[in-house]
Amino acid sequence: MNAIDINQVTYRYDSGVEALSDITLSIPFGAKVALLGPNGAGKSTLLHHLNGLKIPSKGSITIFGTKVTKKNIHSIRQQVGLVFQDPDDQIFSGTVWDDVAFGPRNLHMSENELEEICTAALGNVGMLEYKDKAPYHLSYGQKKRVAIAGILAMRPDIVILDEPMAFLDPSGQDEIAGLLQGLHYMGKTILLSTHDVNFAASWADMVVLLKEGKLLTVGDNQLLADEKYIREANLHLPIIARTFKMVPEFSDEKLPINEQEAFRLLFKRLNENNKYQY
Ligand SMILES: Nc1ncnc2c1ncn2[C@@H]1O[C@H](COP(=O)(O)OP(=O)(O)OP(=O)(O)O)[C@@H](O)[C@H]1O
């Protein structure tokens, strides 16, 4: 059974804008999915459907086989955690601890369970030492981690993140990338939107391209070396692919999209030339 099935979903805002048009897509359990596309492509609108924040105008979403409806939103939100792009839209309590405890407290857990869950969630994002601080005093990157902890405290099987790297400095981005890898090892299915092709190329195992509310294509991360789709989605090739494209010796090779692929290609070439044995 898939973690998420999006079945012929169309969504029209009250203004009349059709933000999603007939989207059909399945996300297997445990996948690391990057959703890319130009501004206004419908990425946020699509992500907001996955925990029932928006309900399709046409079509349906199923989570582990259960259709998302207005009636079962409460139980869907325990399975699907959505991290908003701006942590200020998500964090509202007086202390970091209370904010992370808010969701589990509503599930009427015992104080002992609550203590255990919030300690683990804050530990996972490296924010336990800030538990008594007011979120107001935290940096943007720290708030982002608290927002993720609030979602993890609900122990969802599926974690959705809307542009988790946006507005973070490079080391903040590395921290989030490490955190996402940790979530993957915990067995979570992860779906995020991003404009960062380099990150998507190194992290994702499934890439979804959207444009003007329509699904352009779906594939593995090698899709990000496909210049036809890259152009169509207003993206650019990952930096490593662009670098190898400039070297005539590699012109007949499939362009590598991340460091791992680049090293594989270089070692293969060195081996062919008997310059390196491994
Ligand atoms: N609240 C709203 N009311 C009316 N139209 C909206 C609303 N929110 C978004 N839209 C429109 O829906 C379309 C999809 O917007 P959405 O925010 O989902 O795109 P996106 O791919 O997430 O964009 P970005 O990369 O800029 O974040 C756009 O045409 C946008 O103008």
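By convention here, each chain's residues receive numbers from 1 onward along its written sequence. Local features are withheld for residues below a pLDDT of 70 in this predicted model, meaning they are given only at 70 or higher, and side-chain atom pairs are given and counted only at 80 or more; totals for whole chains, interfaces and linings count all residues.

Observations regarding helix 6 (residues 170–185)
Counted at 1.5 Å a residue, the expected span for helix 6 with its 16 residues is 22 Å, and the 23 Å between its end C-alpha atoms agrees. When helix 6 is considered as a whole, its buried residues turn out to be I176, L179, L180 and L183. Down the axis of helix 6, the sector holding all buried residues measures 100°, keeping them to one side. Relative to its buried face, helix 6 has exposed residues pointing more than 90 degrees away, namely P170, S171, G178 and Y185. The contact criterion used is a C-beta to C-beta distance within 7 Å, with each C-beta placed from the backbone. Helical segments are the DSSP runs of H or I of at least four residues, strand segments are the runs of E of at least two, and each set is numbered from the N terminus. Buried-residue contacts for helix 6 involve helix 5 (140–152), strand 7 (158–162), strand 8 (189–193) and helix 7 (197–203). The span you would expect from a helix comes to 1.5 Å times its residue count less one. Exposure criterion: with C-beta atoms placed from backbone coordinates, a residue whose C-beta has 20 or more other C-beta atoms within 10 Å is buried, one with 12 or fewer is exposed, and one in between is partly exposed. Arc definition: it is the arc formed by the directions from the helix axis to the C-beta atoms.

Some words on the UniProt feature "domain: ABC transporter" (unreviewed entry) in the protein
UniProt positions are given in the numbering used here, feature names are shortened, and annotations may be inferred rather than shown by experiment. Here the UniProt-annotated "domain: ABC transporter" (unreviewed entry) positions come out as residues 4–237. Along residues 4–237 one finds 35% helix and 25% strand; the C-alpha atoms at either end are 28 Å apart.

Here's the deal with the site of the ligand
Only the C-beta atom matters for this test: placed from the backbone, it must lie within 6 Å of a molecule or strand for the residue to be near it. If you check the shell around the ligand, you find Y13, S15, V17, A19, G37, N39, G40, A41, G42, K43, S44 and T45 and nothing else. For the shell around the ligand, the element with the highest residue contribution is helix 1 (residues 43–49), accounting for 3 residues. When grouped by side-chain class, the residues that make up the shell around the ligand number 4 nonpolar, 7 polar and 1 charged. Amino acids are sorted into nonpolar (Ala, Val, Leu, Ile, Met, Phe, Trp, Tyr, Cys and Pro), charged (Asp, Glu, Lys and Arg) and polar (every other residue, Gly among them).

Observations regarding the pairing of strand 4 (residues 58–63)
The sheet contact formed by strand 1 (residues 4–12) and strand 4 spans 5 bridges and is antiparallel. Residue N7 lies in a different strand from strand 4, and its bridge partner there is S60. Between any two strands, pairing holds if DSSP finds at least two bridges. Taken together, the 2 bridges between strand 4 and strand 5 (residues 66–67) define a ladder with antiparallel strand orientation. Looking at the pairing, T62 lines up with K67 of strand 5. With antiparallel pairing between neighbouring strands as the criterion, strand 4 and strand 5 make up a hairpin whose turn holds 2 residues, including F64 at a positive phi of roughly 45°.

Some thoughts on the nonpolar core
V100, A149, I160, A200 and V207 are the most contacted members of the largest nonpolar core, which totals 80 residues. The biggest single contributor to this core is helix 5, with 6 residues. Residues in contact with A200, not counting those within four places in the same chain, are A34, L36, T194, V207, N221 and L224. A set of buried Ala, Val, Leu, Ile, Met, Phe, Trp, Tyr and Cys residues, joined to one another through C-beta atoms within 7 Å, is what we call a nonpolar core.

Things to note about helix 4 (residues 111–124)
Helix length check: helix 4, at 14 residues, gives a terminal C-alpha distance of 20 Å against a target of 20 Å (1.5 Å per residue), a fit within 8%. Residues of helix 4 that are buried make contact with helix 3 (96–106) and helix 5. Taken from the residues just after helix 4, G126 is the one with a positive phi, measuring 70°.

Looking at the domain arrangement of the protein
Domain segmentation is taken from an automatic or database assignment of domains. Domain assignment breaks the protein into domain 1 (4–226) and domain 2 (238–278). If you average the C-alpha positions of domain 1 and of domain 2, the two centres end up 34 Å apart. Residue composition of the side of domain 1 that touches domain 2, by class: 4 nonpolar, 4 polar and no charged.

Examining unusual backbone geometry
With a phi angle near 55°, D22 is a residue other than glycine that sits in the positive phi range. The topology assignment puts D22 in strand 2 (residues 18–27).

Some details on the environment of L209
Position of L209 among the secondary structure elements: in strand 9 (residues 206–211). Between the C-alpha atoms of L209 and G30, which are 179 residues apart in sequence, the distance is 19 Å. Setting aside residues up to four positions removed in sequence, L209 forms contacts with L36, G37, L216, T217, Y229 and A233.

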